[in-house]
Amino acid sequence: MRALLQMICSFFLALLAAGVSLATAADDPHAADRQALIRLFREMEASINAQDVERMVAQMHPQATVTWLNGEVSRGHDEIRAYYQRMVKGDQRILDRYLTTAKLGASARFFGNGEVAVADGTMVDEFFPVARGPFRLDSNWTSTSAKIDGRWQVVALHLSANVFTNSLMAEAQSAIRLAAGGAALGGLLLGALLTWLWCRRGAQSARSR
């Protein structure tokens, strides 16, 4: 009997939760826009992981602005393409690959009669440089999208990372500690060698007298 009552209670709680969920969706005037923005968000992530800059700019307004992780700013499709070519594709490229796993931090906020949306979140990035081994970096993103001619497009994208605490800083600090330790050890060995030479010279002088 107790098990039956628990089943009935669980059933009605599930119905209540479903009703609340449906009511929330029905009360949200931007529900369809949120779904479109999530598709846009996922397409941007997929284009980055596919190393496909054309697929990326297809989701952006022709005058979109991107602030990259290194602080550079690209304005418009041509500058975005040029940056990507220089960083990932060209003969003098810095990276062989760049992969990201992005997460949405909160629901998008809408402005301007629902025609502008601002969203933010986090990324776990994996970089594969040409000149060194791969490394990971946790970063943040903020995007502004606009609904133009019935289609959502990214008009601004800002990427940032913690400049004080990240994997590269930890690696640099580790290298400094290793260098300092190596220098200290080298100093001790040099001191020991000089002491040994001084003692040996003193002993030879004593024998020659």
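Residues numbered from 1 in each chain as written. Predicted model: local features only at pLDDT ≥ 70, side-chain atom pairs only at ≥ 80, totals over all residues. Heavy atoms only, no water.

Turning to its location among the elements, Trp141 is positioned in strand S6 (residues 135-148). By relative accessible area, which is 6% here, Trp141 ends up buried. Taking C-alpha positions, Trp141 is 8.8 Å from Ala161, a pair spaced 20 residues apart along the chain. Sequence-distant contacts of Trp141, defined by excluding residues within four places in its chain, comprise Phe41, Ala102, Lys103, Leu104, Ala119, Asp120, Gly121, Thr122, Met123, His158 and Leu159. A polar contact of 3.4 Å, which involves the side chain of Trp141, links it to the backbone oxygen of Thr122. (Helix = DSSP H or I, 4+ residues; strand = E, 2+ residues; numbered from the N terminus. Buried < 20%, exposed > 50% of the residue type's maximum accessible area, 1.4 Å probe, protein only. Contact = heavy atoms within 4.5 Å. Polar contact = N/O pair within 3.5 Å; in protein donor to acceptor, adjacent residues only side chain to side chain.)

Attention now moves to the nonpolar core. By size, the foremost hydrophobic cluster in this structure holds 33 residues, and its most contacted members are Leu37, Met60, Ile80, Trp141 and Leu157. Those elements that provide at least two residues to this core are helix H2 (31-49), helix H3 (53-57), strand S1 (60-67), helix H4 (76-89), strand S3 (95-104), strand S5 (116-129), S6 and strand S7 (151-161). Beyond its immediate chain neighbours, meaning those up to four positions away, Met60 contacts Met44, Val66, His77, Ile80, Gln153, Val154 and Leu157. (Core = buried A, V, L, I, M, F, W, Y, C linked by side-chain atoms within 4.5 Å.)

Counting through the fold element by element, Gln59 comes out in the loop between H3 and S1. Within the local environment of Gln59, its side chain forms a polar contact with the backbone oxygen of Arg55, the two atoms lying 3.5 Å apart. In contact with Gln59, not counting residues within four places along its chain, are Leu40, Glu43, Met44, Arg151, Gln153 and Val154.

This paragraph deals with the packing of aromatic side chains. Counted under the stated rule, the structure contains five aromatic pairs. Consider the rings of Phe110 and Trp152, whose centres lie 6.0 Å apart with planes at 70°: the pair is edge-to-face. Separated by 42 residues along the polypeptide, Phe110 in strand S4 (residues 109-111) and Trp152 in strand S7 bring together distant segments of the chain. For Phe110, a relative accessible area of 16% translates into the label buried. The exposure class assigned to Trp152 is buried, which follows from its relative accessible area of 7%. Geometrically, the ring pair formed by Phe127 and Phe135 is stacked, given 5.1 Å between the ring centres and 20° between the ring planes. For Phe135, a relative accessible area of 16% corresponds to the buried category. Lying over the aromatic face of Phe128, Arg97 brings its terminal NZ or CZ to 4.1 Å of the ring centre. (Phe/Tyr/Trp six-rings, centres within 6.5 Å; stacked < 30°, edge-to-face > 60°. Lys NZ or Arg CZ within 6 Å of the ring centre and 35° of its normal.)

What follows deals with the layout of surface pockets. Quantified by volume, the largest pocket comes out at close to 880 Å³. Lining the largest pocket we find 42 residues, and of these Ile48, Tyr98, Met123, Leu157 and Leu159 sit closest to its centre. Every element with two or more residues in the lining of the largest pocket is listed here: H2, H4, S3, S5, S6 and S7. It is H2 that provides the largest number of residues to the lining of the largest pocket, a total of eight residues. When the residues that make up the lining of the largest pocket are grouped by side-chain class, the tally is 33 nonpolar, seven polar and two charged. (1 Å grid on protein atoms, 1.4 Å probe; cavity = no way out; pocket = protein on both sides within 12 Å on 5 of 7 lines; lining within 4 Å. Points joined across faces, edges and corners; volume = space filled by probe spheres on them. Nonpolar A, V, L, I, M, F, W, Y, C, P; charged D, E, K, R; others polar.)

Okay, the environment of Leu69 next. Structurally, the position occupied by Leu69 is in the loop between S1 and strand S2 (73-75). Taking relative accessible area as the criterion, Leu69 reaches 28% and is therefore assigned partly exposed. Each C-alpha atom, one on Leu69 and one on His158, is 8.2 Å from the other, the two residues being 89 residues apart in sequence. With residues near it in sequence (within four places) discarded, Leu69 still touches Asp125, Phe127, Leu137, Ser139, Leu159, Ser160 and Ala161.

Looking now at H2. When the terminal C-alpha atoms of H2 are compared, their 27 Å separation across 19 residues agrees well with the 27 Å that a helix rising 1.5 Å per residue should span. Inspection of H2 places Asp33, Leu37, Leu40, Phe41, Met44, Glu45, Ser47 and Ile48 among the buried residues, and these make up the whole buried set. Along the axis of H2, the buried positions cluster into a sector of 165°, meaning they face one direction only. Residues Ala32 and Arg39 are exposed on H2 and point more than 90 degrees away from its buried face. Remark: Gln51 follows H2 within two positions and exhibits a positive phi of approximately 55°. (Expected span 1.5 Å × (residues − 1). Arc of directions from axis to C-beta.)

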